[in-house]
Amino acid sequence: IFNLSPSLEFVLIFQPAGVRVLYSLLWFCVFQPPPARYGGRHTVTLIPGDGIGPELLSHVRELFRFCCVPVDFEVVNVDSTMTSEDDINDAITAIRRNGVALKGNIETNHNLPPSFISRNNLLRTSLDLYANVMHCQSLPGVRTRHRNIDIIIIRENTEGEYSSLEHESVSGVVECLKIITRTNSLRIADYAFRLARERGRRRVTAVHKANIMSLGDGLFLQCCKEVAAGYQDIAFDAMIVDNTTMQLVSKPQQFDVMVMPNLYGNVVSNVCAGLVGGPGLVPGANYGTDYAVFECGTRNTGKSIADGNIANPTAMLLASCLLLDHLRLHAYATMIRRAVIATVTETRLHTADLGGQGSTSDVVQSIMKEIQSTGPLTQNI
Amino acid sequence: MAASSAVISMSKIIQPIWGGRLATTAKVFGATVSSRREKSTVPPPAKYGGRHTVTLIPGDGIGPELLNHVKELFRFSCVPVDFEVVNVSSATEDDINNAITAIRRNGVALKGRRNSLSAYTVSPICVSLSHSTSLDLYANVMHCKSLPGVQTRHNNIDIMIIRENTEGEYSSLEHESVSGVVECLKIITRTNSLRIAEYAFKLAREKGRKRVTAVHKANIMKLGDGLFLQCCREVAAGYPDIAFDAMIVDNTTMQLVSKPQQFDVMVMPNLYGNVVSNVCAGLVGGPGLVPGANYGRDYAVFETATRNTGKSIADRNIANPTAMLLASCMMLDHLKLHDYATMIRNAVLTTMNETQLHTADIGGQGTTSEVVQAIMRNIQSKGPLTSEL
């Protein structure tokens, strides 16, 4: 990470005030994966979370060990029942050390006092994971009401309605602050357009409610327009969130890449996940300037199905493939992804949420068999 | 007789007539004044001659076109309603105040949607909201029901959505204290949350519904949506015959697109209501099919549920009149003209189920006027109470 060429060191010396900005810009342009440790193996932080998280993540580890993936996991447990912030601070330090993490969702207890900030939210804001990327794609083997959906949703991950700033100045009247800043809006818009360009996408749609929140979402929209001006090859349009959700349930194929603030991103990504087959199929990634954390797209804890061997492992396994892609271990990523998709398209091996009878372990076993049949690089089952 | 006619003529000169029939004017006059403030379900008084007056706000886009069809249909069916048209086409405050005064006077309105100001300009006044906040129309009710004649991906949907209409994210309170940082205030109050929850449970009980679901995001907005949820729980305790549960808005929308039949009645703050109602409208067939109603303690305003202006299809005779016609039926129900309401509603639904008479938005070839003509023929074939076609 810290190998800078001599010319860059020169620049750093003579511009002390702008060092941090320049550094982050350079980081953007010349991103390197976290360094492999001695022996050529990466270390990734693993946060099991609650509900189905531990179960699915142990399947991920089993699969990685089976495929001889050069990744070691550093497990950090975050207890959702404790009110002190030590657990989550340990987790954040571990992610800062390793640079990459794979996590389950940490439950937020509604009965705790309002000063208790959601652990997931705290993680995202402390590490400044400003972009949440979710790629919703119709899978051929999964029967859904809509076909041929291919939407990338980029959601601002740190501000908006999730600022956790609320107060009750007069008894019985609560004010919740929704913060929109120019810096963050420009940043997320830039990320969206760059991603669209990298993936060869043609259109970016900004989702907003600027007719009501004219200052807030108006600022967001303005920033998107400014960034769009610098990407002439990509079409840009805007749509109000209520119309967007209505279009999504009638004609989702019209959308390509969507960028939006936090709350709308939450709703729209859940709608899209529902359209392609449910929360068990879509992985999500949270990217920041320096760190990346991967998880299930819809961030469900799945308390009711925990330890029942019926959870769908697809989302978590595809998230681990995104992790491998981020670490530049593309061969392993493609191998595992191909096996997961092949297993999903064999309709007998669906878990209960997709209407099948299979258990989690059946599906994982099948994926391992699929991997073994295609390549030599595996241990014994 | 002389005494009562003297009272009547005096009343006509001094104040507008409040009673219904001629004979009971004197008797009802005093009673109506005091009960108007106490009871919330008294229909607006009919004017002299037994005809109601309703404010009509055409709006922009497809609004004027559709409301013309409503007027035509009412005239054809001899509905005792007169429309007082108030145009709110320019963006001045005066027009809006005129409209609000007209609604205050008549008590009921039927409206189309105004074009909102350009989304890119920063405007401190959100003109479309002024109606609901100044008239305190606190409950927006939308009933999404699958129609048998319309082909959709989901069947048997029957959801009532009750949305808080005055506060929440739509408070239009925003400021830029530091340059480049905008704060939008979302206000949740105990009074309004209790009020909307009370409305939801009362409506559920009236319509014989079994379950009310509160939609929230209290894991993130603990104080705000937490207060809303708490108020719903308190009200739910007073209705033990109705089951109450809560669901987070993201899970709700995901469930809606996979299994919408599980929902019965839903109550929620303003923004989630906007999104969820649009999702449900999309599920049952689109914005042309669902009517919406805004109820306050003293006033009621009826419109299409998804509040679209329909600029791109304006004046082309392809808009779907169903939503606006069903909204007018809801208005007639509110005015206690149930016979007319049932007659028109049956005709609209029958026409919908003859599948060749769908408009373009639900996949058919019909024009707006063809659909309206078919509805009128249907009404004529059923009963004698019509004027010439």
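Description of the structure in this document. Here, residues in each chain are numbered from 1, in the same order as that chain's written sequence. All chains are assigned letters beginning with A, and all ligands numbers beginning with 1, in the order in which they are written. In keeping with the model being predicted, local features are shown solely for residues with a pLDDT of at least 70 and side-chain atom pairs are shown and tallied solely at 80 or more, while totals for entire chains, interfaces and linings include all residues. Processing note: side-chain calculations cover all non-hydrogen atoms of the structure and skip hydrogens and water entirely.

### What about the overall build of chain B?
Inference 1: Summing up its helical and strand segments, chain B has 12 helices and 12 strands in all.
Inference 2: Buried means the residue's accessible area, taken with a 1.4 Å probe over protein chains only, is under 20% of the maximum for its type, while exposed means over 50%, and partly exposed covers the values in between. Looking at chain B residue by residue over its 389 residues, the buried ones come to 57%.
Inference 3: Residue contacts follow a heavy-atom distance rule, with two residues in contact if any of their heavy atoms lie within 4.5 Å. Long-range pairs, those at least 24 residues apart, make up 74% of the contacts in chain B with a sequence separation of at least 6.
Inference 4: Note on areas: Shrake-Rupley with a 1.4 Å probe; residue coverage comes only from the protein chains shown. When the accessible area of chain B is evaluated, it comes to approximately 16300 Å², of which 53% is carbon and sulfur surface. The numbering of helices and of strands both runs from the N terminus, where a helix is a DSSP run of H or I of at least 4 residues and a strand a run of E of at least 2.

### Topic: the packing of aromatic side chains
Inference 1: Put simply, two rings from Phe, Tyr or Trp (the six-membered ring, in Trp's case) pair if the centres are within 6.5 Å, and we call them stacked under 30 degrees between planes, edge-to-face over 60, tilted for the rest. All chains considered together, the criterion is met by 12 aromatic pairs over all chains.
Inference 2: An aromatic cluster is present here, built from Tyr130(A), Tyr191(A), Tyr287(A) and Phe294(A) joined pairwise through their rings.
Inference 3: A positively charged side chain is recorded as over a ring if its NZ (Lys) or CZ (Arg) lies within 6 Å of the ring centre. The angle to the ring normal must also be within 35 degrees. We note Arg163(B) situated over the ring of Tyr170(B); from NZ or CZ to the ring centre the distance is 5.5 Å.

### Points about empty space enclosed by the protein
Residues and elements named next belong to chain A.
Inference 1: Only protein atoms enter the 1 Å grid used here. Points where a 1.4 Å probe fits but cannot escape make up a cavity, open sets with protein on both sides within 12 Å along at least five of seven lines make up a pocket, and a residue lines them when an atom lies within 4 Å of a point. Grid points are joined across faces, edges and corners, and a volume is the space filled by probe spheres set on the points. In the structure shown here, the tally under the stated rule is 6 cavities of 30 Å³ or more.
Inference 2: Estimates place the volume of the second largest cavity at around 70 Å³.
Inference 3: Mapped onto the lining of the second largest cavity, the elements with two or more residues apiece are helix H3 (53-66) and strand E12 (292-296).
Inference 4: Note on residue classes: Ala, Val, Leu, Ile, Met, Phe, Trp, Tyr, Cys and Pro are nonpolar, Asp, Glu, Lys and Arg are charged, and everything else, Gly too, is polar. Across the lining of the second largest cavity, the residue classes break down as 4 nonpolar, 5 polar and 4 charged.

### A short note on the interface of chain B and chain A
Inference 1: On the chain A side, the residues contacting the 57 residues of chain B number 57 residues.
Inference 2: Summed over both sides, the interface between chain B and chain A buries roughly 4900 Å², with carbon and sulfur atoms accounting for 67% of that surface.
Inference 3: Buried surface area refers to the total accessible area, computed with a probe of radius 1.4 Å, that the two partners give up upon joining, counted for both partners together. Considering only the side of chain B, the residues that lose the most area to chain A are Arg153(B), Leu223(B) and Met254(B), jointly responsible for 14% of the buried surface there.
Inference 4: Note on definitions: salt bridges are taken to be side-chain nitrogens of Lys or Arg within 4 Å of carboxyl oxygens of Asp or Glu. Between chain B and chain A we count 0 salt bridges in total.
Inference 5: Here a polar contact means two N or O atoms within 3.5 Å. Within protein one must be a hydrogen donor candidate and the other an acceptor candidate, and residues neighboring in sequence count only if both atoms are side-chain atoms. Viewed at the interface, chain A and chain B are joined by 19 residue pairs in polar contact (both at pLDDT 80 or more).
Inference 6: Those elements giving two or more residues to the side of chain B that touches chain A turn out to be strand E6 (174-178), strand E7 (181-189), helix H7 (224-237), helix H8 (249-258) and helix H9 (270-284) of chain B.
Inference 7: Its residues placed into classes, the side of chain B that touches chain A shows 28 nonpolar, 19 polar and 10 charged.
Inference 8: Where strand E7 (residues 173-181) of chain A and E7(B) come together, 9 bridges link them in antiparallel fashion. Here the rule is simple: two strands pair whenever DSSP picks up at least two bridges between them.

### Here we look at the sheet that holds strand E11 (residues 283-287) of chain A
All names here are of chain A.
Inference 1: Spatially, 10 strands are ordered E2-E1-E3-E12-E11-E4-E5-E10-E8-E9 in an open sheet, and the strand pairing comes out mixed. Of all strands in the sheet, those bounded by a partner on one side alone are strand E2 (71-75) and strand E9 (235-240). Each neighbouring strand pair of the sheet contributes to a mean axis angle of 25°, computed without reference to strand direction.
Inference 2: For strand E4 (residues 131-137) and strand E5 (residues 150-156), the ladder comprises 7 bridges, and the chain directions are antiparallel. Within E5, the position partnered with His 135 by the bridge is Ile 152.
Inference 3: Only the stretch in contact is used when fitting a helix axis, every axis being a line fitted to C-alpha atoms; angles between N-to-C directions are given from 0 to 180 degrees. Packing against the sheet, helix H4 (residues 86-98) makes contact with strand E1 (42-47), E2, strand E3 (100-103) and E12, and its axis sits at approximately 160° to E1.
Inference 4: Running over the sheet, helix H10 (residues 314-326) touches E1, E2, E3, E11 and E12 and is turned about 160° from E12.

### Quick word on H4(A)
All names here are of chain A.
Inference 1: Between the first and last residue of a helix there are one fewer steps than residues, each counted as 1.5 Å, and that sum is the expected span. Helix length check: H4 (13 residues) gives 18 Å between terminal C-alpha atoms against 18 Å at 1.5 Å per residue, within 8%.
Inference 2: Listed in full, the buried residues belonging to H4 are Asp 87, Ile 88, Ala 91, Ile 92, Ala 94, Ile 95 and Asn 98. Each buried residue of H4 lies within a common arc of 160° when the element is viewed along its axis, so the set occupies one face.
Inference 3: Trailing H4 by a residue or two, Gly 99 shows a phi angle of about 90°, which is positive. For this quantity, the arc is that covered by the directions from the helix axis to the C-beta atoms.

### Observations regarding the sheet that holds E7(B)
Inference 1: Pairing within the open sheet is antiparallel, and its 4 strands lie in the order E6(A)-E7(A)-E7(B)-E6(B). Taken across any chain shown, the strands that pair with only one partner, and hence form the sheet edges, are strand E6 (166-170) of chain A together with E6 of chain B. Strand-to-strand twist across the sheet, computed as the mean angle between neighbouring axes with direction ignored, equals 35°.
Inference 2: As judged from the 3 bridges shared by E6(B) and E7(B), these two strands associate in the antiparallel manner. Directly across from Val178(B), in E7(B), lies its bridge partner Val181(B).

### Describing the nonpolar core
Inference 1: Nonpolar cores were defined as sets of buried Ala, Val, Leu, Ile, Met, Phe, Trp, Tyr and Cys residues, with membership established by side-chain atoms within 4.5 Å. Counting 138 residues, the largest nonpolar core has Leu102(A), Ile154(A) and Ile336(A) as its most contacted members.
Inference 2: Not counting chain neighbours up to four residues away, the residues in contact with Ile154(A) comprise Asn132(A), Val133(A), Ile188(A), Tyr191(A), Ala192(A), Leu195(A), Val257(A), Met258(A), Val259(A) and Met260(A).

### A closer look at the pattern of salt bridges
All names here are of chain B.
Inference 1: For the coordinates displayed, the defined rule picks out 33 salt bridges over all chains.
Inference 2: Between Asp 245 and Arg 211 there is a salt bridge whose closest N-O contact spans 2.6 Å. Here Asp 245, found in strand E9 (residues 243-248), pairs with Arg 211, found in strand E8 (residues 211-216); they are 34 residues apart in sequence, far enough to count as distant.
Inference 3: Given a relative accessible area of 23%, Arg 211 falls into the partly exposed group.

### Details of the side chain of Thr298(A)
Residue and element names in this part refer to chain A.
Inference 1: Tracing the backbone through its elements, the reader meets Thr 298 in the loop between E12 and H10.
Inference 2: The class of Thr 298 is buried, set by a relative accessible area of 6%.
Inference 3: Of the polar contacts made by the side chain of Thr 298, one reaches the side chain of Asn 300; its length is 2.6 Å.

### What to know about H3(A)
Inference 1: End to end, H3(A) covers 20 Å across 14 residues, agreeing with the expected 20 Å (1.5 Å per residue, within 8%).
Inference 2: Within H3(A) the residues assigned to the buried category are Gly53(A), Glu55(A), Leu56(A), Leu57(A), His59(A), Val60(A), Leu63(A), Phe64(A) and Phe66(A).

### Things to note about the side chain of Glu164(B)
Residue and element names in this part refer to chain B.
Inference 1: Checked against the element boundaries, Glu 164 lands in strand E5 (residues 158-164).
Inference 2: Neither His nor the chain ends is counted toward charge; the positive residues are Lys and Arg and the negative residues Asp and Glu. Put simply, Glu 164 is tucked away with no salt bridge, and the nearest opposite charge, on Arg 195, sits 4.8 Å away.
Inference 3: Within the structure, the side chain of Glu 164 is placed 2.9 Å from the backbone nitrogen of Glu 167, a separation counted as a polar contact.
Inference 4: Discounting residues that sit within four places of it in the chain, Glu 164 has contacts with Tyr 138, Asn 192, Ile 196, Met 268, Pro 269 and Asn 270.

### As for the pairing of strand E3 (residues 108-111) of chain B
All names here are of chain B.
Inference 1: Neither face of E3 is open: one carries Val 108 and Leu 110, the other Ala 109 and Lys 111, and all of them are buried.
Inference 2: Alignment of E3 against strand E12 (residues 300-304), held across 3 bridges, turns out to be parallel. Within the sheet, the bridge partner assigned to Val 108 lies in E12 and is Ala 300.

### So, the environment of Leu195(A)
Residues and elements named next belong to chain A.
Inference 1: Relative to the elements of secondary structure, Leu 195 occurs in helix H6 (residues 182-198).
Inference 2: Assessed through its relative accessible area of 7%, Leu 195 is described here as buried.
Inference 3: Sequence separation of Leu 195 and Ala 311 is 116 residues, and the distance between their C-alpha atoms is 31 Å.
Inference 4: Discounting chain neighbours no more than four positions away, the residues touching Leu 195 are Val 133, Ile 152 and Ile 154.

### Looking at the state of the cysteines
Inference 1: Note on terminology: disulfide denotes any pair of cysteine sulfur atoms within 2.5 Å. For the coordinates displayed, the defined rule picks out 0 disulfides over all chains.
Inference 2: Cys68(A) carries a free sulfur, and the closest cysteine sulfur to it, the one in Cys67(A), is 7.4 Å from it.

### Some details on the environment of Glu93(B)
All names here are of chain B.
Inference 1: Following the sequence through the fold, Glu 93 ends up in helix H4 (residues 93-106).
Inference 2: Judged by its relative accessible area of 47%, Glu 93 falls in the partly exposed class.
Inference 3: Residues Glu 93 and Ser 381, 288 residues apart in the sequence, show an inter-C-alpha distance of 46 Å.

### Let's talk about the environment of Gly53(A)
All names here are of chain A.
Inference 1: Considering the arrangement of structural elements, one finds Gly 53 in helix H3.
Inference 2: By relative accessible area, Gly 53 is classed as buried at 5%.
Inference 3: For the pair Gly 53 and Gly 302, spaced 249 residues apart in sequence, the C-alpha to C-alpha distance is 8.1 Å.
Inference 4: Aside from chain neighbours lying at most four places away, what touches Gly 53 is Pro 48 and Gly 104.

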